[in-house]
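# Observations on chain architecture
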Amino acid sequence: MNKIISIDADAGTAVCQAGVILESLDTEVGKHGLMVPLDLGAKGSCHIGGNVSTNAGGLRLLRYGSLHGSVLGVEAVLASGQVIDCLSSLKKDNTGFDLKQLFIGSEGTLGFVTKVAVACPTRPKSINLALLAVPSFEAVLGVFKEAKIHLGEILSSCEFMDRGSMECVTGNLKLSNPLSDSDFYMLLETSGSNLNHDEEKLNFFLELMMNKGMVGDGTVATVPSKQREVWQLRERIAESLLVDGYCYKYDISLPLSVFYQAVLDMRERLGDRVTRCVGYGHIGDGNLHLNVTTPQYSQEVMGLIEPFLYEWTGNYRGSISAEHGLGFKKRNYIGFSKSPAAVHLMKNIKQVFDPQGIMNPYKVLPDEPAAV
């Protein structure tokens with residue numbers, strides 16, 4: 001299940017089996033001047049089939065969109081053993097229902113994905129990475145807005161982390177922060193085809209942001225080795241939090257107007273019962289990773305987080321699971337993000353695909369009644 005079946009350099013597509021490692025596929029398509037649009041911190045171990053089944057988001061969704069757009073086709077096996085062949089590599093196919101979409105993000109509850117066809121964009125020739133120290137979350141939003149204006153066609157990633165996240169990854173993992181202390185930090189990546197053009201645009205943008213007082217300090221990495229070092233400050237936050245002891249992990253989508261307020265309200269609610277309460281994630285697509293740590297698991301802390309955080313998120317019409325999926329832990333909270341009618345329809349679809357309920361049971365769909 002780990003074979004790359006074909007790569008079409010002219011069309012910019014790749015077909016592979018579900019067990020192929022994401023990084024392995026990216027390396028192979030890279031030999032043809034292409035790239036896999038999905039990039040995750042776990043790219044060295046995660047499988048394409050799992051990425052598709054969970055609709056993994058990653059670091060560059062801002063530029064390349066979600067897997068609902070990048071996946072061109074899938075082959076899947078149903079509970080009955082029937083093989084559903086929707087493995088088209090066509091970028092336009094408007095014949096009937098787009099069945100492949102049902103397997104993307106359904107976490108294996110409708111069928112087992114065995115093969116995937118992916119659209120692979122051209123690999124950029126010029127990549128720049130800027131790490132910025134930003135004084136406030138309002139400034140974070142301002143920098144993001146200005147980045148879309150001034151870096152539009154080359155902006156490929158926009159990440160943020162708060163002071164607590166930076167202190168955790170540097171303190172627990174002994175990584176080095178090249179910037180002065182700040183309440184917030186941002187990572188801006190540009191990807192293009194002309195090094196001089198891209199550097200000129202990025203430098204102009206950074207000078208503009210500093211002159212406006214929206215950025216207090218910054219550094220730009222143009223060499224791949226330096227870029228990998230800088231990316232570690234963002235990609236290894238999750239690892240660093242585990243050093244504290246137990247980590248309560250939450251992955252939510254929110255309107256940017258209330259994005260960081262979730263962290264502030266949770267921090268106030270938990271007080272000194274926790275080691276830290278931090279926020280980081282994909283500001284470019286509205287996805288917040290809110291993490292809380294304690295020396296060991298605490299039922300009191302868990303009771304203060306859930307279902308409060310889900311209710312809080314639902315009040316702003318956010319999503320209680322932006323990219324990690326519902327699994328069995330969040331399935332009974334789906335009502336905070338989806339209407340009863342929508343959940344009912346999902347159950348009907350599940351019944352059609354898997355009438356005996358044997359495909360990844362007790363996942364995604366709630367017991368009766370679901371929490372609302």
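Above: the structure in question.
A few words now on the sheet that holds strand β12 (residues 287–294). With respect to topology, seven strands assemble into an open sheet ordered β9-β6-β8-β7-β11-β12-β10, the strand pairing being antiparallel. Both outer strands of the open sheet, β9 (217–221) and β10 (246–253), are each paired with one neighbouring strand and no more. Sheet twist, expressed as the mean angle between neighbouring strand axes with direction ignored, is 15 degrees. Note: strand β11 (residues 276–282) against β12, seven bridges, orientation antiparallel. Across the sheet, residue R276 finds its bridge partner in β12, namely T293. Along the sheet, helix α6 (residues 137–150) makes contact with β6 (126–134), β7 (155–162) and β8 (184–192), crossing β8 at roughly 10 degrees. Each of β6, β8 and β9 is contacted by helix α8 (residues 195–211), which is oriented at about 10 degrees to β6, the strand it contacts most.

This next bit is on the pairing of β6. When you tally the buried positions in β6, you get eight out of nine residues, the bulk of the element. In terms of strand pairing, β6 meets β8 through nine bridges, oriented antiparallel. The residue bridging N128 from the neighbouring strand is T190, located in β8. Bridging between β6 and β9 involves five bridges; their strand directions are antiparallel. The partner of A133 across the bridge, within β9, is D217.

Right, let's talk about the nonpolar core for a bit. Core analysis: the biggest nonpolar cluster contains 55 residues, and F160, M186, L188, L290 and V292 have the highest contact counts within it. For F160, the residues in contact, after removing those within four places along its chain, are F137, V140, F184, Y185, M186, F259, Y260, G279, Y280, G281, I283 and L288. Judged by nonpolar contacts, the second largest core, of 28 residues, contains V20, V36, A76 and L78.

So, how was this worked out
- Residues numbered from 1 in each chain as written.
- Predicted model: local features only at pLDDT ≥ 70, side-chain atom pairs only at ≥ 80, totals over all residues.
- Heavy atoms only, no water.
- Pairing = 2+ DSSP bridges.
- Helix = DSSP H or I, 4+ residues; strand = E, 2+ residues; numbered from the N terminus.
- Axes fitted to C-alpha atoms, helices over the stretch in contact; angles between N-to-C directions.
- Contact = heavy atoms within 4.5 Å.
- Buried < 20%, exposed > 50% of the residue type's maximum accessible area, 1.4 Å probe, protein only.
- Core = buried A, V, L, I, M, F, W, Y, C linked by side-chain atoms within 4.5 Å.

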